[in-house]
Amino acid sequence: MKVELFPFQKTALARLRQSVATALGNYRSTSIATSSTMDR
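In what follows, the accompanying structure is described. Computed from a predicted model, the values in this text were never measured in an experiment. (Residues numbered from 1 in each chain as written. Predicted model: local features only at pLDDT ≥ 70, side-chain atom pairs only at ≥ 80, totals over all residues. Heavy atoms only, no water.)

**Some remarks on the overall build of the protein**
Keep this limit in mind: Only DSSP runs of H or I with at least four residues qualify as helices, and only runs of E with at least two residues qualify as strands; both kinds are numbered from the N terminus onward. Buried, partly exposed and exposed residues are distinguished by accessible area as a fraction of the type maximum, computed with a 1.4 Å probe on protein chains only: under 20%, between the cut-offs, and over 50%, respectively.
When you go through the protein residue by residue, the secondary structure sums to one helix and zero strands. Counting only residues that meet the buried cut, the protein has 0% of its 40 residues in that class.

Below you can see the structure in the form of structure tokens.
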């Protein structure tokens, strides 16, 4: 079963994915930076 989205839903979903990816990238870079400094 294929669900067809409205155009505004497609753009909203794309923006949501982009912000989630950005948030994950920021979280990973900050967590890596803090953990590496704590190990020393």
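**Side note on the pattern of salt bridges**
We apply this condition: The rule for a salt bridge is simple: a side-chain nitrogen of Lys or Arg has to be within 4 Å of a carboxyl oxygen of Asp or Glu.
Counting across every chain of the model gives two salt bridges. Of the charged contacts, one joins lysine 2 and glutamate 4 as a salt bridge, the two residues approaching to 3.7 Å between their closest N and O atoms. Accessibility assignment for this pair places lysine 2 and glutamate 4 in one class, exposed. One salt bridge in this structure joins glutamate 4 and lysine 10, with 3.3 Å as the shortest N-O distance. A network of salt bridges, in which partner residues are shared, links Lys2, Glu4 and Lys10.

**Quick notes on the environment of serine 29**
In this fold, serine 29 is placed in helix α1 (residues 7-39). For serine 29, a relative accessible area of 42% puts it in the partly exposed group.

**What to know about a nonpolar patch on the surface**
Stated formally: Two joining distances apply to patches: 9 Å for like charges and 5 Å for nonpolar side chains (Val, Leu, Ile, Met, Phe, Trp, Tyr), and every residue must have over 30% relative accessible area and no salt bridge. For every accessible area listed, the method is Shrake-Rupley and the probe measures 1.4 Å; residues are considered covered only by the protein chains on display.
On the surface, a cluster of nonpolar side chains totalling about 700 Å² of accessible area is made up of Met1, Val3, Leu5, Leu13, Leu16, Val20 and Leu24. In this fold, valine 3 is placed in the segment before α1. When its relative accessible area of 58% is taken as the criterion, valine 3 is described as exposed.

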